[in-house]
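# Topology and contacts: notes
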Amino acid sequence: MVNWRQLLIALVFALALPCLWTDKVGGHALLDHCDPKVGETVSGSPVSIRLWFDRDLEPLSSAVSVQDARRNRVDKKNVRVNPSNAKLLEVGVPPLPAGTYRVIWNVVTRDGHRTTGDYTFVIK
Amino acid sequence: MVAGAGSSRTVIAGVIGLRGKEVTNCLFPRTTVPATWLWRAIGFTLTIIFLMPVSSWAHGFAGKRFFTTTLSVEDPFVSDELSFLIGHIREPGGGEEPPMNSTEISLDYSKRITPDFGISIGESFLHLNPDEGKSESGFGNLELGLKYQFLMNEEHEAILSFGVDAEIGGTGADRVGADSFSTLSPLLFFGKGLGDLPESVKFLRPFAFTGVIGPNFPTRSKNVITTLNKGTGEIEQEVERNPVTLTWGFSIQYSLQYLQSFVKDIGLGSPLNRMIVLVEFPLETCLNRGCGGQTTGFVNPGIIWVGKSVQFGIEAQIPINERTGKNVGVLGLVHFFIDDLFPKSLGKPLF
């Protein structure tokens, strides 16, 4: 018969172990927030599109682009992971006319996990 | 899947659904599993952590959709995961059995062999505390699983998988209702996110559905129980039939993380921006041998919080009918994404 105290100790040990002993750099990057915000309507064109993720990104493999309603790419193609903040992906945009724009991102964390996503914002 | 986790979840429903029919089988005595099995299971997990090579792949994603690991209905994706599931419910009495409080702790580990093919192993420990008589504790049967993910469509956030689960009879303790026979279950899994809905109904895009369906074939059609009637001195036999059953279940999920990241930032902060609200429907229908058409199962509303490498979940278990039970139970899940925790070692496919 299993002793409940023994079982509890074993369970706590087993639960704690993965948290204490990891490769530290792993995981999928999820979008934390961005500017302009997801689904936001803004007055006037932004200067850049900035996306903050919950993990450090691999600069050479992470990308973001901005498309207009006709699916033409409209950003400046100067995509970069911010050198002082590896969670921040940004790209410049020229002055944009009113309309709906789609931001499409594809990022890779430093261990190679890839995630993708997209969202829209509106300039009025 | 936590394929193992799914398997042991089936045990929870199965124990409740079939409790009234369980009879001690004198012809097929089972070996009592010693407590050291728990330590062996933990040791096995640790050994695997050391032995695995290095790499990294995604788990549970179909395009931008992240399918969370659910508590009651087995997931459609193949992954490297470790789950601890705790369930507690008060079971109704049946036949000569009194009502009892049932607590089950399950440990399940799943491992990808290739990016689309994985195996799983699960074990559970049960504590039964009846209103009359002494309480009983012991391990359930060992559960093994295979799963192959044969379709993944990123654009439509769709996943289809096929798997086989096996409950190995005789590896658990008879006193907690572990069967003396094995059960084989070929299963079809699906997952579908609604991210491809049009802009006009964009707030429905965070919805997703997952489900599973498949028969459960016992390797023995009946058990013959022989007992000595001390009053008459006669030997009596009782035949217990083991029916084929159909597992079918589904979940409806609404991801606040999906809403925030892909549809509309409504300003949710932590921890709400990583939560998934869901309802699960784990169901089982008997197909033959005296109980054909009878369905047992639960409606399980709950919530899951998904962190960077771990997720927590809690659900209520509401019986769908009196055959299943009368009391509401509770399920709790602590789940580790092994491919996020150990991307360069344990968390990658072997090939």
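Look above for the structure.
What counts, and where the lines are drawn
Residues numbered from 1 in each chain as written. Chains lettered and ligands numbered in written order. Predicted model: local features only at pLDDT ≥ 70, side-chain atom pairs only at ≥ 80, totals over all residues. Heavy atoms only, no water. Helix = DSSP H or I, 4+ residues; strand = E, 2+ residues; numbered from the N terminus. Buried < 20%, exposed > 50% of the residue type's maximum accessible area, 1.4 Å probe, protein only. Contact = heavy atoms within 4.5 Å. Areas by Shrake-Rupley, 256 points an atom, 1.4 Å probe, with all protein chains shown as cover. Phe/Tyr/Trp six-rings, centres within 6.5 Å; stacked < 30°, edge-to-face > 60°. Core = buried A, V, L, I, M, F, W, Y, C linked by side-chain atoms within 4.5 Å. Patch = residues over 30% accessible without salt bridge, like charges linked within 9 Å, V, L, I, M, F, W, Y side chains within 5 Å. Salt bridge = Lys/Arg side-chain N within 4 Å of Asp/Glu carboxyl O. Disulfide = S-S within 2.5 Å.

A few words now on the overall build of chain A. Each helix and strand in chain A was counted, giving 1 helix and 8 strands. Each helix and strand of chain A, placed in order from N terminus to C terminus, yields the pattern α-β-β-β-β-β-β-β-β. Looking at chain A residue by residue over its 124 residues, the buried ones come to 47%. Expressed as a percentage of contacts within chain A between residues at least 6 apart in sequence, the contacts between residues at least 24 apart total 59%. As displayed, chain A has an accessible area near 6400 Å², and 53% of this comes from carbon and sulfur atoms.

With that settled, the discussion passes to the packing of aromatic side chains. Residues and elements named next belong to chain B. The final tally for this structure, using the stated rule, is 11 aromatic pairs over all chains. Each ring, one from Phe66 and one from Phe337, has its centre 5.9 Å from the other, and the planes form 90°; the classification is edge-to-face. Of the two residues, Phe66 sits in strand β2 (residues 65–66) while Phe337 sits in strand β17 (residues 329–337), which places them 271 residues apart along the sequence. Judged by its relative accessible area of 1%, Phe337 is buried. Ring centres of Phe250 and Phe281 lie 4.6 Å apart, and the angle between their planes is 20°; on these two criteria the pair is classed as stacked. Taken together, the residues span a long stretch of sequence, with Phe250 in strand β13 (residues 245–255) and Phe281 in strand β14 (residues 275–286) at a distance of 31 residues. Accessibility expressed as a relative area gives 29% for Phe250, which makes it partly exposed.

This part is about the nonpolar core. Residues A:Ile49, A:Leu51, A:Phe53, A:Trp105 and A:Tyr119 are the most contacted members of the largest nonpolar core, which totals 32 residues. Going through the elements one at a time, β1 (31–35), β3 (48–53), β4 (63–67), β6 (88–92), β7 (99–108) and β8 (114–123) of chain A together with α3 (256–263) of chain B are the ones with two or more residues in this core. It is α3(B) that provides the largest number of residues to this core, a total of 5 residues. With near-sequence residues (within four places) excluded, A:Phe53 lies in contact with A:Ala29, A:Leu30, A:Leu31, A:Asp32, A:Lys87, A:Leu89, A:Trp105 and A:Val107.

What follows deals with the environment of B:Phe77. Residues and elements named next belong to chain B. Within the secondary structure, Phe77 sits in the loop between β2 and β3 (81–91). When its relative accessible area of 1% is taken as the criterion, Phe77 is described as buried. In the structure, Phe77 is positioned 82 residues away from Ile159 in sequence and 7.1 Å away in space, judged by C-alpha atoms.

Let's shift gears to a nonpolar patch on the surface. Residues and elements named next belong to chain B. Nonpolar side chains collect at one region of the surface, where Ile119, Leu146, Tyr148, Phe150, Leu151, Phe162, Val164, Leu188, Ile213 and Trp248 lie side by side and expose about 840 Å² of accessible area between them. Residue assignment for the nonpolar patch shows that the elements contributing at least two residues are β7 (142–153) and β8 (158–168). Mapped onto the fold, Val164 is located in strand β8. Taking the relative accessible area as the measure of exposure, Val164 reaches 31% and is therefore partly exposed.

This paragraph deals with the state of the cysteines. Residue and element names in this part refer to chain B. In total, this model carries 1 disulfide over all chains according to the counting rule given. Each disulfide pairs two cysteine sulfurs, and for Cys286 the partner residue is Cys291, the sulfurs being separated by 1.8 Å. Of note, the bridge from Cys286 to Cys291 carries an S-S torsion of about 60° and is right-handed in sense. Comparing Cys286 with Cys291 shows no difference in burial state: the two are buried.

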